[in-house]
Every structure is written in C-alpha cells, then in structure tokens.
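Architecture at a glance
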Amino acid sequence: MPKILVTGATGQIGSELTLALREKYGGDNVVALGHKKEPTKELKDSGPFEKGDATDKNFLESLIDQYQIDTIYHLVGILSAAGEENPDNAWLVNVNSLKHVLDLAKEKGLKQVFWPSSIAAFGLGSPRDNTPQATIMDPNTIYGITKISGELLCNYYYNKYRLDVRSLRYPGLISYVTPPGGGTTDYAIDIFYQALEHKTYTSFLREDTMLPMMYMPDAIKGTIDLMETPNSKIRTRLSYNFTALSFTPKEIADEIKKHIPDFVCQFVPDRRQNIADTWPRTIDDTPARRDWGWQHEYDLAKMTEDMLKHLRAKLKIK
Ligand SMILES: NC(=O)c1ccc[n+]([C@@H]2O[C@H](COP(=O)([O-])OP(=O)(O)OC[C@H]3O[C@@H](n4cnc5c(N)ncnc54)[C@H](O)[C@@H]3O)[C@@H](O)[C@H]2O)c1
C-alpha cells in the first residue's frame, strides 16, 4: 500500500480526492494536510489530519518522516482570480511549495508525486479550439505563469532525477461537496446553488464564453487512474490535456431550466471575463485517452441532473 500525503486536503478537489484515496488504500495510509480552513468531520474522522504551511519545507519534511510518506498529491494552490489579487503570494504558494515537494521527493526517494496544472497554462497564442497537447503556451495571468513554470519543473525533475511525477491540466471542475476556491469557472458551481435557492443568477462571464469543464467524480477517477498507470505508458512529464465537456454560461443555464423552468439567468461580465478570454474553449485530450485510457462519464445533461439531486439534499430543498 502507498503511504500518501494529500496537501490542500480541505480544498474543492482535496476534500473529495482524500476520501476517495482513503476508500481505496485505507484511512491510515492517507494523511490529509489542511491549512487555515477547518476540515469536515468526515475528513477528520476517516484518517490522519494535520494543519500547516506548505511553503515551509521543514514542516513538509517532518510530515514525510513522521508518516513514512512515499507518495504526494500536491493540491495546494492559489487559483486564477485569487492569484490576480495577490500575485506574489500566488508565486510563493504555487511554485515554491511545488519545488519543496519535488526536492523532498528527490532527496528522500519518494515513489510518486501528483501535481495539477490547468487549462490556464495556455494563453492568447494557443489555438483556442481543440487546443493540442503540445502547442504555444503563453499565459498572461500569474496563475497561468505558475502553472507553466510548474509543468517545466516537473518535467525537469523527471528528466534529471527520474522522479515519477505525473500531472493533469484540469479544466474547470464542478462539484457540490466543497465550494470552489476563487477560480474563473466558479460561476458554473454558483449557478446551481442560486438556481435552487433563489431561482435567479447573475453570471460573471458573458453568455457565450465557452470553457472546458469536468464533473468532479470524473476528475477524481482520472487522477487516480493516471497515478495507477504503469510508468512505461506515461509519455509526457509536463502535464496531460484532460477534459470532458465544454459549455457556455447560456448553455448551462438552459440545461438547469429544464429542471427549474422559472429559473432566470443574467450575464454581467466582470474582471474574470478578461481571464476567461485568454483560455481555450475546447481541449484535445487524445494523448491521455490513448496513453492511459482516460474516459469521462458525465456530459452536461447527466452532470446537471446529478448536481441538482445532490444539492437539493444538501440544501434541504424539495
Ligand atoms: N478547481 C478547479 O477547477 C481547478 C482547475 C484547474 C486546476 N486546479 C488546481 O488544483 C489544485 C487544487 O485546487 P482546488 O480547486 O481544490 O483549490 P482550493 O482553493 O479549493 O484548495 C486549495 C487549498 O490550498 C490550501 N492552501 C493555500 N495556501 C496554502 C499554504 N501556504 N499551505 C498549505 N495549504 C495552502 C488552501 O487552504 C486550500 O484548501 C490547485 O493547484 C489548482 O490550481 C483546480
């Protein structure tokens, strides 16, 4: 059994990935690292939970030693919209903490590291439709710059030290368990809450802004599948393009209307529109599907139905 450390474990992805890893490998074998936010009862009760700053290399080292960690899922991050508010902190958290994780993995001979990149690693010079795995990458947000820097670092540690580091360029992830952490695709989650609670929503992106997206159960499955793939099948140590669907705010609003007919959506773009305008609309993830068999399950209709079902129960709305 691997002995796993999940950083960023109380975040949108970490809160679900930690539980999925514990289910698979046993609660005691998966250590969750949180920061400021309190963990849910489920996260705290299902295995070891620690709190601390992932930019502190000594602290990370003490955790690895204490729990005999051999695998790290490094999910700590400052997201796109939040990054523009404090670029220095985005660099410190996103790049420095990754460098610490890679150095510790190298120094201590860890077996595997997972680190997420993002569609934000692409930029205005990248083709926006069916964006290929290998193409121009010229992001102009600090978040995107930290992601392309991180990809290059991961690739370097693989080539120079043969560290088994794997990565996915996540699209916007949609989930009902933990609120999103300040990204440009957060609207696609808020819209469900507002539709159920108030039957009205104002999207901060224009109605025709198409972006690549994925439902969280697909993202969790894809992440674990990638990490379980034999090493010889992994053909890129930068980061794999990884997608399920693309839609616009108008398309998701129309899908929700099929379930809540009196739902009204308005579109009033704010500063996040400028970020979205530099990102791909659709992604070509053929290499992930070919190399390690990536397949998604949820399309827009199936995801919308499942989100509404779970949120109705969570918010106690009939
Ligand atoms: N959610 C998405 O749609 C999406 C899309 C693309 C990439 N990603 C990437 O996936 C990773 C996880 O994203 P998420 O959506 O779960 O983000 P999130 O904001 O919900 O969680 C990130 C976590 O990092 C923690 N953190 C921040 N600074 C820290 C520090 N100094 N020390 C320790 N912990 C710290 C925060 O407490 C937070 O819980 C990030 O690298 C993000 O860039 C997410």
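Residues numbered from 1 in each chain as written. Predicted model: local features only at pLDDT ≥ 70, side-chain atom pairs only at ≥ 80, totals over all residues. Heavy atoms only, no water.

**Observations regarding the overall build of the protein**
Here is the rule we go by: The secondary structure listing takes helices from DSSP runs of H or I that are at least 4 residues long and strands from runs of E that are at least 2 residues long, numbered from the N terminus. The reference for a compact globule is 2.2 Å times residues^0.38; the radius of gyration itself is calculated from the C-alpha atoms. Only protein chains enter the accessibility calculation, which uses a 1.4 Å probe. A residue is then buried if its area is under 20% of the maximum for its type, exposed if over 50%, and partly exposed in between. Contacts are residue-level and defined by heavy atoms, with any inter-residue pair within 4.5 Å sufficient. For accessible areas, the Shrake-Rupley method is used with a probe of radius 1.4 Å. Any residue's cover is judged against the shown protein chains and nothing else. Residues scored as positive are Lys and Arg, those scored as negative are Asp and Glu, and His as well as the terminal groups of each chain are ignored. Each charge is placed at NZ for Lys, CZ for Arg, CG for Asp and CD for Glu.
Scanning the protein from N- to C-terminus turns up 12 helices and 12 strands. By the compact-globule yardstick of 20 Å for 318 residues, the protein fits well, its C-alpha radius of gyration being 19 Å. For the protein, the proportion of its 318 residues judged to be buried stands at 57%. For the protein, contacts bridging at least 24 residues in sequence account for 78% of all contacts bridging at least 6. Working note: accessible area of the protein is about 13,400 Å², and carbon and sulfur atoms make up 50% of it. Looking at charge distribution, the protein has the averaged site of its 39 positive side-chain charges lying 3 Å from that of its 42 negative ones.

**Comments concerning the domain arrangement of the protein**
As a reminder of what qualifies: Each domain's limits were defined by an automated method or a database of domain assignments. By buried area we mean how much accessible surface two parts lose on assembly, using a 1.4 Å probe and totalling the loss over both. Just to be clear on terms, a salt bridge is a Lys or Arg side-chain nitrogen sitting within 4 Å of an Asp or Glu carboxyl oxygen. Polar contacts here mean pairs of N or O atoms no more than 3.5 Å apart (in protein, one a potential hydrogen donor and the other a potential acceptor; neighbouring residues in sequence count only if both atoms are side-chain atoms).
Segmentation of the protein into domains returns domain 1 (4-171 + 215-241) and domain 2 (174-212 + 245-281 + 297-315). For domain 1 versus domain 2, the separation of C-alpha centres amounts to 25 Å. Counting from both sides, the interface comprises 27 residues of domain 1 and, opposite them, 28 residues of domain 2. Note on domain 1 versus domain 2: buried area summed over both sides is about 2,300 Å², and carbon and sulfur give 57% of it. In terms of surface lost to domain 2, no three residues of domain 1 exceed Gln12, Arg128 and Tyr215, which account for 35% of the buried area on that side. Run the count over domain 1 and domain 2 and you get two salt bridges. Counting the contacts that link domain 1 with domain 2 gives 12 residue pairs in polar contact (both at pLDDT 80 or more). Those elements that provide at least two residues to the side of domain 1 that touches domain 2 are helix H1 (14-25), helix H4 (80-85) and helix H8 (216-228). When residues of the side of domain 1 that touches domain 2 are assigned to their parent elements, the largest contribution, five residues, is made by H4.

**Section: the sheet that holds strand S7 (residues 172-174)**
The line we're drawing: Here, strands pair whenever DSSP counts at least two bridges between them. Helix axes use the C-alpha atoms of the stretch in contact, all axes being lines fitted to C-alpha atoms, and the angles between their N-to-C directions lie in the range 0 to 180 degrees.
Overall, mixed pairing links the three strands, which are arranged S7-S9-S11 in an open sheet. Each of the sheet's edge strands pairs with one partner strand only, and the pair in question is S7 and strand S11 (245-247). Taken over all neighbouring pairs, the strand axes of this sheet differ in orientation by 45° on average, direction set aside. Sheet topology places strand S9 (residues 211-215) next to S11; three bridges connect them, and they run antiparallel. Within the sheet, the bridge partner assigned to Leu211 lies in S11 and is Phe247. The strands that helix H7 (residues 187-198) touches are S7, S9 and S11; relative to S7, the one it contacts most, it runs at about 25°. Sheet strands in contact with helix H12 (residues 300-315) are S7, S9 and S11, and its direction is about 55° off that of S9.

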